[in-house]
Amino acid sequence: MRIALYSVIFHVFSWLAHFVQSFRAENWLTTSFFWLQSLAWKSGIQLDVTGFAVIFYAVFWLVRIRGCFRRWRQPLLRGPEWFFSVHVRPGFYDGPGRRILHRYWMRMFIPFALDIPAAIAIFLTGRILLLNWLIMALCAVIHINHVFSVDLAERQARRFAVAETERPVTSVTLSLQPRRLRDYTNSRFEWAIAVPSLLALAWLVGYYFSAPAHHNLRLVFFLPLYCLYMQLGMLYVKRLILAWRTPAPQSQAAEFLEAREKARKFYLLQCDLCRAMVTVQLVLWPFLMNSSEAARDGIIRNWFSAILLFALISGVWVEIKRKQLVKLSLRARPARLPDFLGEREIARWPVCYQPSAPMLMLRGAYGYSLNLANSLAYIGAAYLAGFIALFTLVHSGL
Amino acid sequence: MLLTIDTRDPRPIYQQVADGIKELLARRELTEGAALPPVRQLAADLGVNLNTIATAYRELQKDGLIFIRHGSGSVVASRKIAERTQNELLRPLRTALTELILAGLSPSKIISMVTHELGAVGKGK
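Residues numbered from 1 in each chain as written. Chains lettered and ligands numbered in written order. Predicted model: local features only at pLDDT ≥ 70, side-chain atom pairs only at ≥ 80, totals over all residues.

**Regarding the overall build of chain B**
Each helix and strand in chain B was counted, giving five helices and four strands. The order of α-helices and β-strands along chain B, N terminus first, is β-α-β-α-α-β-β-α-α. Along the longest, intermediate and shortest principal axes, the C-alpha atoms of chain B span 50 × 35 × 25 Å. Counting over 125 residues, chain B shows a buried share of 22%. (Helix = DSSP H or I, 4+ residues; strand = E, 2+ residues; numbered from the N terminus. Buried ≥ 20, exposed ≤ 12 C-beta atoms within 10 Å, placed from the backbone.)

In structure tokens, the structure reads:
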């Protein structure tokens, strides 16, 4: 039962990783992981919890290589006249641009430099389960490193940009369409998530209290609690996506707004897919609790197969959608927008406290800056603290 | 429903926001009961202080064009001019006409300009 518990927890982990990674097309991680898992089940290999962790980590490494290739090509996506969104002078790549580009490429490997010593330490100390946390941390580090690296490279390239393209546009267009969570919520989908979840929870409560002395509280309730916490996390991520700023230069407002809105809806749909998967896991839990050892294996095997199929289909779908979104965003020519708040002056560090600025992230003089005065920052910090508390409680035996 | 802010425009940003929303109302792109984006969303999108947008919304509320429901956002009010007398409404028109006459334009030219602008506001040009 312990292995079943951990294997399902791994699903949740892998789906979180899938979600984080899918922002940059590494969702093949999930596919490969489940493929390996299925292969192990079919071959009758009983992998223990550390075995899963090692496989997951190995697949994570392999899949990151693909991300590196994609990021490698990113500066030149718009053609040789551009470096990311900076319109550079002719000959840029023969002169200083070559150095800027090489430095950007080198910075791509920073996560590997952090990952390798950490992984060696984990293997040497034998605390293999920490690999899952390492993967989670790396998902964040890879993306943060990329965002800051692109920003730094663009700032360096701006010195060699075509002067007239560097002037901020004078007219900014905004959409007056409200972007509240309820404006992007499908009530049928929410009901489809809420009702089975509540029923599953009610069944588990009844199951536990029917013979509290014979049931392990942690075993019965940890996974459902974790799933609910993940649901909350996904709602928080949806709020972050909705808060994504959407100003556009007036000259190309339609292209900009269309590209941003399509990308926003795509990410929101991914969040909802993750929520659906978490709900299915929650609903499956009472079945696992109530079934015999033999039937339990069958349920998990079928679940793996279904997940594998779903991961394959969603992997292809995500790739197709991403290519469409890239094509759409390339239609809009990059433009500098006016800095009304003087963000470059007020945000000089990676974190800042600016109650006057309504944005979560400010684009300061030396890169992005997290505005700690924003309510989304408080919620995010509280969520992370709750996540750590939840795992600490479970780890210490409640 | 797009709102444009111009940095070369001498009007302050809050005034441009309020006037932009008024134009959308005049063109009936924003109809009665339509929800406006939350102050925070508009301020973040534009990258301005929250007070800038809040001031614009307050002005619209003062004119009876929107009503602000705390906790559930701002909504376009019904298009009644009950609280504003004809005299009040004519005042800005008189000011504008005076400026045009002082600028040396003939009455026929002014009428043609007014007709053109009226059409432009209606069509959203």
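From this point, things continue past the structure.
**Brief notes about the confidence of the model for chain A**
Residues and elements named next belong to chain A. Averaged over every residue, the pLDDT of chain A is 82; residues scoring 70 or more account for 86%. When the criterion is pLDDT under 50, residues 1–7 qualifies, and its contacts beyond four places in sequence or with other chains add up to 11 contacts. Counted against residues more than four places away or in other chains, residues 19–28, with its pLDDT under 50, gives 29 contacts. (pLDDT = per-residue confidence, 0-100. Contact = placed C-beta atoms within 7 Å.)

**Structural notes on unusual backbone geometry**
Here F84(A), not a glycine, exhibits a phi torsion of approximately 50°, which is positive. Residue placement: F84(A) occurs in the loop between β1 (82–83) and β2 (86–87).

**Here's the deal with the sheet that holds strand β5 (residues 351–352) of chain A**
If you walk across this open sheet you meet the three strands as β5-β7-β6 (chain A), and the pairing is mixed. Bordering the open sheet on either side are β5 and β6 (361–364) of chain A, each of which pairs with just one other strand. (Pairing = 2+ DSSP bridges.)

**Here's the deal with the sheet that holds strand β3 (residues 171–175) of chain A**
Spatially, the three strands line up as an open sheet ordered β4(A)-β3(A)-β1(B), and their pairing is antiparallel. Both edges of this open sheet fall to β4 (248–249) of chain A together with β1 (2–6) of chain B, since each of them pairs with a single strand only. Inspection of the sheet shows β3(A) paired to β4(A) by two bridges, in the antiparallel sense. Note that in β4(A) the partner of T173(A) across the bridge is A248(A).

**Describing the environment of I100(A)**
Residues and elements named next belong to chain A. Relative to the assigned elements, I100 resides in helix α4 (residues 96–107). According to the C-beta neighbour criterion, I100 is buried, with 24 such atoms within 10 Å. When the C-alpha positions of I100 and R336 are compared, they lie 20 Å apart, and in sequence the two are 236 residues distant.

**Some words on the nonpolar core**
Looking at soluble globular proteins, one finds that nonpolar side chains tend to be buried together. If you look at the biggest cluster of nonpolar residues, it comprises 32 residues, and the most contacted ones within it are V17(B), I21(B), A43(B), L46(B) and I53(B). Put simply, the parts of the chain that give this core at least two residues each are β3 and β6 of chain A together with β1, α1 (13–26), α2 (39–46) and α3 (50–62) of chain B. Sequence-distant contacts of V17(B), that is, excluding residues within four places in its chain, are made with L3(B), I53(B) and A56(B). Within the second largest apolar cluster, 15 residues are counted, among which are A200(A), M234(A), V237(A) and C271(A). (Core = buried A, V, L, I, M, F, W, Y, C linked by C-beta atoms within 7 Å.)

**Overview of the packing of α2(B) against α3(B)**
Residues and elements named next belong to chain B. Look at α2 against α3: their axes get within 8 Å of each other, and the N-to-C directions meet at 125°. In terms of orientation, α2 lies oblique with respect to α3. Here the hand of the crossing between α2 and α3 comes out right-handed. Contacts from V39, R40, L42 and A43 in α2 reach L50, T52, I53, A54 and Y57 in α3. Along the lines of polarity and charge, the residues of the contact of α2 with α3 split into seven nonpolar, one polar and one charged. (Axes fitted to C-alpha atoms, helices over the stretch in contact; angles between N-to-C directions. Parallel < 35°, antiparallel > 145°, perpendicular 65-115°, else oblique. Left-handed = near helix turned anticlockwise from the far one by under 90°. Nonpolar A, V, L, I, M, F, W, Y, C, P; charged D, E, K, R; others polar.)

**What about the interface of chain B and chain A?**
If you look at the interface, chain B gives 26 residues, while chain A gives 25 residues. Elements represented by at least two residues in the side of chain B that touches chain A include exactly β1, α1, β2 (35–36) and α2 of chain B. Here the element with the most residues in the side of chain B that touches chain A is α2(B); it accounts for seven residues. Within the side of chain B that touches chain A, the residues separate by chemical class into 16 nonpolar, six polar and four charged. Pairing analysis gives five bridges linking β3(A) to β1(B), with the strands arranged antiparallel. Counted as the bridge partner of S171(A) is D6(B) from β1(B).

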